[in-house]
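Listed below, chain by chain, are the residues.
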Amino acid sequence: MKQLRACLGAAAAVTLAAAGTTALVAGSASGATTALSNRWYAAAPYLMPLDNDPPDPSAIMDATGLKAFQLAFVLAPNGGGCSPTWGGTAPVSSDTAVEPMINTIRGKGGDVSVSIGGYGGTKLGQACADPAATAAAYQQVITKYGLHAIDFDLEEPEYENTAAIHNEIGAAKILQQNNPGLYVSVTTAGTADGTGWFGKQMLLEAKSQGFTPNNFSIMPFDGGFNGAASQTSALTNFNAILQSTFGWDQATAYAHEGFSGMNGRSDTGEIFTQADFQTVLDYATSHNMDRFTFWSLNRDRQCSPPDNGGRTSGTCSSVAQGDWDFAKDSVKFAGVTPPTPTPTPTPTPGSCKSAWNASTAYTGGDEVSYGQHDWKAKWWTQNEVPGASQWGPWQDEGAC
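J.: Tell me about the overall build of the protein chain, residues and numbers included.
T.: For the protein chain, the helix and strand inventory stands at 13 helices and 17 strands. The proportion of buried residues among the 400 residues of the protein chain is 52%. Residue pairs in contact within the protein chain that sit at least 24 positions apart in sequence constitute 71% of those at least 6 positions apart. With an accessible surface of roughly 16000 Å², the protein chain has 52% of that area assigned to carbon and sulfur atoms.

So, in structure tokens, the structure goes:
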């Protein structure tokens, strides 16, 4: 979720007002909600609720059966301070834009996780004094939205800051302890070897603090990857890193491992098709991995006009697809079969009206047939052929 998110995230303030018009479902997002199974939070794709032409979650849920969304990103204020904001600009404490979207999702039986961090911007781990202060800032988000899941997206440039990562991992541990049952994922950069030096240092920080999340996920894109085979190879290598770092056996490491992909064209021009996603999905399920997600639902639609992979966009995938096709892989990972679209029936032509006659005078409302179509007279007419003129006296009522 690299450079693309940094350059496209600045529009949050512009779209904030528009997003606030989302219909409010009865009840408050901070009120009690029923948690979904952890598998749904593990399958939740990323969605930017205030940027990148946010899609309608209700439409996605209806079309795919998806129940969970990973809302991104919570950051420190652009002007400084240790308080949570959406994208660095919209304070969580006074939010009236994201909350209605959450209520809409929950009103349809779904739920959300919130992702903190991402690429670019100032992270709370950088701005807050220590793990306790960092955790207190994130607790505001959990409390306001009644969250059952949270994602720590720790990557460039934050994960190069030792103090910031100490604060983030420490905060994650505190939140895990103070919110029993909270689903916690940690997402970091992927490389061909699994993850790079800074990713490994983050894992060592977690080990030193005695922190174990539900999963550590890598993002195998933007690093010279080429399709699914390179991604599954990276996941295999990352599994070995988890084993050696925490002393886990292979099965335990896979049970704490996750995949976070980028659908379509990546920031660096790599192409990941639906076939690639299916291959990685098969790998994840066959190895009993804990998480399968992608960046992002805002991009899970074909560009218009189709550009055959010629550009990277925050609002479309740059590969051939139908709307929300990649989301269906998330639904499959959650263990549910996506609904099959109901085909639109082809109308069956009815019997034709009496044939038009050039010598007959017709008045408004009279019906005739001509050229295997029925026609209705708009006004008085005689000897004017139905369909001869767009602005003529006859209204086409369809084939017969």
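J.: Residue-level account of unusual backbone geometry, with values.
T.: Residues Ala72 and Phe73 are joined by a peptide bond in cis, for which omega reads -10°. With respect to the element layout, Phe73 can be found in strand E2 (residues 68-75). Look at Asp53: it is not a glycine, yet its phi comes out positive at around 50°. One can find Asp53 in the loop between strand E1 (46-47) and helix H4 (57-64). Here the phi dihedral of Gln372 falls at roughly 65°; this positive angle occurs in a residue that is not glycine.

J.: Run through helix H10 (residues 227-246), naming residues and quoting values.
T.: Its 20 residues place the ends of H10 29 Å apart at the C-alpha level, agreeing with the 28 Å of an ideal helix rising 1.5 Å per residue. Listing the buried residues of H10 in full gives Gly227, Ala228, Gln231, Thr232, Ala234, Leu235, Phe238, Asn239, Ile241, Leu242, Thr245 and Phe246. The arc that holds every buried residue of H10, seen down its axis, measures 165°, which confines them to one face. For H10, the exposed residues lying more than 90 degrees away from the buried face are Ala229 and Ser244. Those residues of H10 that are buried are in contact with helix H9 (197-209), strand E8 (215-219), helix H11 (250-255), strand E9 (257-262), strand E11 (271-272) and helix H12 (274-286). Once H10 ends, the next one or two residues include Gly247, with phi positive near 75°.

J.: Describe the nonpolar core, with residues and values.
T.: Of all hydrophobic cores here, the largest spans 94 residues; its most connected members are Phe69, Leu71, Trp86, Ile150, Phe152 and Phe216. Per element, the largest residue contribution to this core is seven residues, and it comes from H10. In this view, Trp86 contacts Pro49, Leu50, Leu71, Ala72, Phe73, Val74, Val92, Asp95, Val98, Val114 and Tyr145; residues no more than four positions away in its chain are not counted. Core analysis: the second largest hydrophobic core is formed by six residues, Trp356, Trp375, Ala377 and Trp394 among them.

J.: Please set out the packing of aromatic side chains residue by residue, giving values where relevant.
T.: For the structure on display, the rule yields 20 aromatic pairs. Geometrically, the ring pair formed by Tyr254 and Tyr283 is edge-to-face, given 6.2 Å between the ring centres and 70° between the ring planes. With Tyr254 in helix H11 and Tyr283 in helix H12, the pair connects residues that are 29 residues apart, well separated along the chain. Judged on exposure class, the residue Tyr254 and its partner Tyr283 are both buried. Of the aromatic side chains, those joined through ring pairs into one cluster are Phe259, Phe277, Phe292, Phe294, Phe326 and Phe333.

J.: For the pattern of salt bridges, give the residues involved together with the corresponding values.
T.: Tallying each qualifying case throughout the model produces eight salt bridges. Here Asp62 and Lys108 are joined by a salt bridge, their closest N and O atoms 2.9 Å apart. Here Asp62, found in helix H4, pairs with Lys108, found in the loop between helix H5 (98-107) and strand E5 (111-117); they are 46 residues apart in sequence, far enough to count as distant. Using a relative accessible area of 54% as the deciding quantity, one classes Asp62 as exposed.

J.: Explain the packing of H10 against H12 residue by residue, including any values.
T.: As a packed pair, H10 and H12 sit with axes 8 Å apart at the nearest point and diverge in direction by 25°. On the basis of their axis angle, the class for H10 and H12 is roughly parallel. Crossing angle aside, the handedness with which H10 passes H12 is right-handed. Two secondary-structure elements touch here, H10 through Gly227, Ala228, Gln231, Thr232, Leu235 and Thr236 and H12 through Asp276, Thr279, Val280 and Tyr283. Of the residues assigned to the contact of H10 with H12, the class counts are four nonpolar, five polar and one charged.

J.: Residues and numbers for the sheet that holds strand E14 (residues 367-370), please.
T.: In space, the three strands of this open sheet follow the order E14-E15-E17, with antiparallel pairing throughout. Only two strands of the sheet have a single partner each, and these edge strands are E14 and strand E17 (394-399). Going across the sheet, the axis of each strand differs from the next one's by a mean of 30°, ignoring polarity. In this structure, E14 lies alongside strand E15 (residues 373-377), joined through four bridges in antiparallel fashion. Across the sheet, the residue bridging to Glu367 is Lys376, located in E15.

The rules behind the values
- Residues numbered from 1 in each chain as written.
- Predicted model: local features only at pLDDT ≥ 70, side-chain atom pairs only at ≥ 80, totals over all residues.
- Heavy atoms only, no water.
- Helix = DSSP H or I, 4+ residues; strand = E, 2+ residues; numbered from the N terminus.
- Buried < 20%, exposed > 50% of the residue type's maximum accessible area, 1.4 Å probe, protein only.
- Contact = heavy atoms within 4.5 Å.
- Areas by Shrake-Rupley, 256 points an atom, 1.4 Å probe, with all protein chains shown as cover.
- Expected span 1.5 Å × (residues − 1).
- Arc of directions from axis to C-beta.
- Core = buried A, V, L, I, M, F, W, Y, C linked by side-chain atoms within 4.5 Å.
- Phe/Tyr/Trp six-rings, centres within 6.5 Å; stacked < 30°, edge-to-face > 60°.
- Salt bridge = Lys/Arg side-chain N within 4 Å of Asp/Glu carboxyl O.
- Axes fitted to C-alpha atoms, helices over the stretch in contact; angles between N-to-C directions.
- Parallel < 35°, antiparallel > 145°, perpendicular 65-115°, else oblique.
- Left-handed = near helix turned anticlockwise from the far one by under 90°.
- Nonpolar A, V, L, I, M, F, W, Y, C, P; charged D, E, K, R; others polar.
- Pairing = 2+ DSSP bridges.

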